[in-house]
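What follows is the residue order along each chain.
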Amino acid sequence: MVRRLSELPEVEAKHLGTDRIKCPTYDDTPLLSGTPLAQRRVAIVSTAGLHRRGDRAFDRDDGSYRVIPAETPASDLVMSHVSVNFDRTGFQQDHNVVFPIDRLRELVADGTVGSMASVHYSFMGAFPVDAALPHAKHLAGLLKADKVDAALLVPV
Amino acid sequence: MGALGHFLEREGIPTAGISLVREHTEIVRPPRALWVTFDLGRPLGKPDDAPFQTRVLRAALALLERTDGPLLVDYPEAVEGEVDLSGWACPISLAPRPSDTLGAEVARLATWYDRAVAARGRTTVGTSGLDMPAAAALVSGALDGALPPAQPLKLAVDDLRAFYLEAASAFPDPGTTKTRVAWFWDETLLAKALLRLQPKLAASDDGQHKVLANLTLIPATQRHRLGGST
């Protein structure tokens, strides 16, 4: 269990500490309004380094994304995140603990969420911000083309 | 993760995200974040617990309807610790035998891996494009001869690690994820090979080998096993 960094064992706290990991800062935070959730079309944007088996694996400092069509079978999902400092056994056991596509599909079925994107996406976290920016801009266009009006951002 | 919230929201896509490290999210200040206290690698909390995952997902998506941010909301549910099985012993004997090899260890695990795949209907092995004997041969060759390029070696190692841990999940008494990870590092030839490979990679003139040695081969929590070599 991850609590506050100050509560973690020293080696883990040091690894995750903001002395070592330089987080980007922003002067302001945009917040868009939208329709009720029951009318939204939601895409999952993961940073777990997920992709379909056979797709190009992620490499260090890779700011690009991989495309995961909604109909991708769980058996085709693999992870090539370069970090070795997070648990992978949860994903091995159940992909939804990282990529909750079946849970999202259920929320669409019961009317909580309007609809689900036809395509989802994964980056590999810890990317250099400058490397990801052009890909994220391109991704925004793809999401709009799919009429997506909400992105669920899931780290790993 | 938080940076993507800024990017996408500025481009017209509303976002809500999960935060695993509150201190990072406090700095990045993305539009909407739900902080959870789950293990890294498990942002939805519990594998094979759909109701738990759904509660987390509902809480994250509910943030979309708010514009009074940046929002950083604490999720109230925690995952209880796993049962302490500190006395657990691997029920499958993988103890090295005379003239044992990494390839032989991989072969001994194959039947358990097959059982795991049959039970789950899927595997996370498969980023390297190699079968496991070939991946083991790549690691053995790296130890005994010239180092291959870092990226294929890294993917082979990650595939092997997934293969071992998936196999161990199908043991007759599989213990917990923590005991299986401890088993991997305490008892397997693969772990010993990785610990031996690390200083060789660190001494390479290739910068990518050094990155592998220093960052992406041995987890931070296991680097004490390297002794004074780092």
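For the structure itself, consult the block above.
A brief structural summary. Please read all numbers here as calculations on a predicted model, not as lab measurements. The numbers attached to residues start from 1 for each chain and follow its sequence in the written order. Each chain is given a letter, starting from A, and each ligand a number, starting from 1, according to the order in which they appear as written. It should be noted that, the model being predicted, local features are given only for residues of pLDDT at least 70 and side-chain atom pairs only at 80 or more, the latter also being counted only at that level, while totals for whole chains, interfaces and linings use all residues.

## Quick look at the overall build of chain A
Under the DSSP-based scheme used, a helix requires at least four consecutive residues in state H or I and a strand at least two consecutive residues in state E, with every element numbered from the N terminus. Within chain A one finds four helices and seven strands. In this description the radius of gyration comes from C-alpha coordinates, and the expected globular size is given by 2.2 Å times residues to the power 0.38. Computed over C-alpha atoms, the radius of gyration of chain A comes to 17 Å, within 12% of the 15 Å expected from 2.2 N^0.38 for 156 residues, which places it in the range of a compact globule. Principal-axis analysis of the C-alpha atoms gives chain A an extent of 45 × 40 × 30 Å. Counting across all 156 residues of chain A, residues that qualify as buried make up 45%. Note on contacts: each residue gets a C-beta atom placed from the backbone, and two residues are in contact if those atoms are within 7 Å. Taking all contacts inside chain A whose residues are at least 6 apart in sequence as the whole, residues at least 24 apart take part in 75%. For the exposure call, what matters is how many other C-beta atoms sit within 10 Å of a residue's own: 20 or more marks it buried, 12 or fewer exposed, and in between partly exposed, using C-beta atoms placed from the backbone.

## Here's the deal with the overall build of chain B
The number of helices and strands found in chain B is nine helices and three strands. With the principal axes as the frame, chain B shows a C-alpha extent of 65 × 45 × 35 Å. Sequence-distant contacts in chain B: of pairs separated by 6 or more residues, those separated by 24 or more amount to 63%.

## Examining the packing of helix α6 (residues 150-168) of chain B against helix α9 (residues 207-216) of chain B
Working note: a packed helix pair is described by the angle between its axes plus the distance between those axes. Residue and element names in this part refer to chain B. To obtain each axis, a line is fitted to C-alpha atoms, and for helices this fit is confined to the stretch in contact; angles are then taken between N-to-C directions over 0 to 180 degrees. At a minimum axis separation of 9 Å, α6 and α9 run at an interaxial angle of 30°. Relative to α9, α6 is oriented roughly parallel. Mapping the contact onto sequence places Ala150, Leu153 and Lys154 in α6 and Gln208, His209, Val211, Leu212 and Thr216 in α9. Class assignment of the residues belonging to the contact of α6 with α9 gives a composition of four nonpolar, three polar and one charged. Should an angle fall under 35 degrees it is taken as roughly parallel, and over 145 as roughly antiparallel, whereas 65 to 115 is taken as roughly perpendicular and any remaining angle as oblique. Basically, the charged four are Asp, Glu, Lys and Arg, the nonpolar ten are Ala, Val, Leu, Ile, Met, Phe, Trp, Tyr, Cys and Pro, and anything else, Gly included, counts as polar.

## Focus: the nonpolar core
Ala43, Ala151 and Leu152 of chain A together with Ala60, Val139, Leu160 and Phe163 of chain B are the most contacted members of the largest nonpolar core, which totals 99 residues. Element by element, the count of residues in this core is highest for α6 of chain B, at 12 residues. Those residues within four positions of Ala151 of chain A in sequence are excluded, and the remaining contacts are Ala43, Val45 and Leu143 of chain A together with Leu8, Ile13 and Thr15 of chain B. We define the nonpolar core as any set of buried residues of the types Ala, Val, Leu, Ile, Met, Phe, Trp, Tyr and Cys, connected via C-beta atoms lying within 7 Å of each other.

## Describing helix α7 (residues 177-187) of chain B
All buried positions along α7 of chain B are accounted for by Thr177, Thr179, Arg180, Val181 and Trp183 of chain B. Turning to α7 of chain B, the residues buried within the fold contact α2 (89-93) of chain A together with α6 of chain B.

## Quick notes on the interface of chain A and chain B
At the junction of the two partners, chain A supplies 77 residues and chain B supplies 75 residues. Ranked by residues supplied to the side of chain A that touches chain B, first place goes to helix α4 (residues 129-145) of chain A with eight residues. Residue classes in the side of chain A that touches chain B are distributed as 44 nonpolar, 18 polar and 15 charged. The criterion for strand pairing is that DSSP finds at least two bridges linking the strands in question. Relative to strand β1 (residues 15-19) of chain B, strand β7 (residues 150-154) of chain A runs parallel, the two sharing three bridges.

## Things to note about the environment of Leu153 of chain A
For Leu153 of chain A, the position within the fold is in strand β7. Sequence separation of Leu153 of chain A and Gly114 of chain A is 39 residues, and the distance between their C-alpha atoms is 18 Å.

## Thoughts on the environment of His15 of chain A
Along the polypeptide, His15 of chain A turns up in helix α1 (residues 10-16). Each C-alpha atom of the pair His15 of chain A and Lys137 of chain A lies 30 Å from the other, and the pair is 122 residues apart in sequence. Residues within four places of His15 of chain A in sequence aside, it is in contact with Arg20 and Asn85 of chain A together with Ala220 of chain B.

## Looking at α6 of chain B
Residue pairs three or four apart in sequence face the same way in an α-helix, which turns once every 3.6 residues. The end-to-end C-alpha distance of α6 of chain B is 27 Å, a good match for the 27 Å that 19 residues give at a rise of 1.5 Å each. Of all 19 residues that make up α6 of chain B, 17 are buried, and the element is covered over most of its length. Expected span of a helix, by definition, is 1.5 Å for each gap between consecutive residues, and there is one gap fewer than residues.

## A few points about the packing of helix α8 (residues 189-202) of chain B against α9 of chain B
Residue and element names in this part refer to chain B. Between α8 and α9, the least distance of the axes is 8 Å, while the angle of their chain directions is 140°. Classified by the interaxial angle, the pair formed by α8 and α9 is oblique. Regarding α8 and α9, the two cross each other, and that crossing is left-handed. Counting all contacts with α8, which are made through Gln198, Leu201 and Ala202, the residues of α9 involved are His209, Lys210, Leu212, Ala213 and Asn214. A breakdown of the residues in the contact of α8 with α9 according to their chemical character gives four nonpolar, three polar and one charged. Crossing handedness is defined as follows: a turn of the near helix away from the far one that is anticlockwise and smaller than a right angle gives a left-handed crossing, while the clockwise case is right-handed.

## Observations regarding the pairing of strand β2 (residues 32-35) of chain B
Residue and element names in this part refer to chain B. Pairing of β1 with β2, which is carried by three bridges, proceeds in the parallel orientation. Its bridge partner being in β2, Gly17 is matched across the sheet by Ala33. Handedness rule for crossovers: strands pointing away from the viewer, path from the first strand over the helix to the second running clockwise, crossover right-handed. The handedness of the β1 to β2 crossover, carried by helix α2 (residues 22-28), is right-handed. Inspection of the sheet shows β2 paired to strand β3 (residues 71-74) by four bridges, in the parallel sense. Of the residues in β3, the one forming a bridge with Leu34 is Val73. With helix α3 (residues 50-62) bridging β2 and the parallel β3, this β-α-β connection has left-handed handedness.

## Quick notes on the environment of Leu212 of chain B
Residues and elements named next belong to chain B. Looking at the element boundaries, Leu212 is found in helix α9. By the C-beta count within 10 Å, which is 25 here, Leu212 ends up buried. Through-space distance from the C-alpha of Leu212 to that of Gln198 is 8.0 Å; in sequence the pair is 14 residues apart. Sequence-distant contacts of Leu212, defined by excluding residues within four places in its chain, comprise Ala150, Leu153, Lys154, Leu201 and Leu217.

## Some words on the pairing of β7 of chain A
Residue and element names in this part refer to chain A. In terms of residue burial, β7 counts as a mostly covered element, since five of its five residues are buried. Burial of β7 is two-sided: the residues Ala150, Leu152 and Val154 facing one way and the residues Ala151 and Leu153 facing the other way are all buried. Bridge analysis of strand β1 (residues 41-46) against β7 gives five bridges, and the strand direction is parallel. Counterpart to Ser46 in the pairing with β7 is Val154.

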